[in-house]
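Coordinates in review
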Amino acid sequence: MAYEELLEDPVIQKYLHELVGPTGMPVAASPPDGEVTDEELAEEIGLELNDVRRALFILYENDLATYRRLRDEDSGWLTYLWTFEYDNIPERLEEEMHRLLDALEERRQYEMDNEFYLCETDSIRFEFGEAMEFGFECPQCGSELVSMSNSQLVEAMDRRIESLREELNVQPEEAEA
Ligand SMILES: [Zn+2]
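Figured I'd write up the structure that's included with this text. (Residues numbered from 1 in each chain as written. Predicted model: local features only at pLDDT ≥ 70, side-chain atom pairs only at ≥ 80, totals over all residues. Heavy atoms only, no water.)

1. Quick notes on the pairing of strand S4 (residues 116-119)
- The alternating pattern of S4 places Phe116 and Leu118 and Tyr117 and Cys119 on opposite faces, both of which are buried.
- Across four bridges, S4 lies against strand S5 (residues 124-127) in antiparallel orientation. Bridging from a neighbouring strand, Tyr117 pairs with Phe126 of S5.
- With antiparallel pairing between neighbouring strands as the criterion, S4 and S5 make up a hairpin whose turn holds four residues, including Ser123 at a positive phi of roughly 55 degrees.
- Of the strand pairs in this sheet, S4 and strand S6 (residues 146-148) are connected by three bridges, and their pairing is antiparallel. Opposite Leu118, over in S6, you have Val146 as the bridge partner. (Buried < 20%, exposed > 50% of the residue type's maximum accessible area, 1.4 Å probe, protein only. Helix = DSSP H or I, 4+ residues; strand = E, 2+ residues; numbered from the N terminus. Pairing = 2+ DSSP bridges.)

Below, the structure written as structure tokens:
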């Protein structure tokens, strides 16, 4: 297997798992060296053909697999020959991490810009404006809504943001200005 080393990386395993899900993982985890048909793959790993196809198309949509169609001249039947393009994984993974970093930074800003109130009975969180509309009473159970600090959440996000920035070699935004 050409991609053995790549697939030993737990980050890459997790990435593939998130893409194709547990059902598609046997497909994503056993890329053949050359071209393969979906039927061959299904037989090889003992999976339903539909599950194999679903996984292959997810990989295709993420630029991690390509296919070409062959038409059988006698039957007119189409065969799909698949090639795994796992050389693209590091690049795709980096894009994914950039997206995650952007989302985290946006979410952090939301946490910083808002005050939150909590129903301790239902563990439901409300923004200040919502809580005020409800007269600081939980609309579900009537309990009093209490002011809630999100500093621990923000700190956890900061740590995650920092480690992502380090990994991606991205400077904090403040430093760019
Ligand atoms: Zn409640």
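2. Considerations on the coordination of the zinc ion
- Within the first shell, the zinc ion binds the protein through Cys119 (SG), Asp122 (OD), Cys138 (SG) and Cys141 (SG), at distances of 1.9 to 2.3 Å.
- Motif for the zinc ion, donor spacing along one chain: C-x2-D-x15-C-x2-C.
- By relative accessible area, Cys138 is classed as buried at 4%.
- Residue Cys141 is classed as partly exposed on the basis of its relative accessible area, which comes to 36%. (Donors = N, O, S within 2.8 Å, 3.2 Å for Na, K, Ca; no water.)

3. Some remarks on the sheet that holds S5
- Strand order in the open sheet formed by three strands is S5-S4-S6, with antiparallel pairing between adjacent strands. Both edges of this open sheet fall to S5 and S6, since each of them pairs with a single strand only. On average, adjacent strands in this sheet sit at an angle of 45 degrees to one another, irrespective of strand direction.
- In the packing of helix H5 (residues 89-113) onto the sheet, the strands contacted are S4 and S5, and the crossing angle to S5 comes to about 75 degrees. (Axes fitted to C-alpha atoms, helices over the stretch in contact; angles between N-to-C directions. Contact = heavy atoms within 4.5 Å.)

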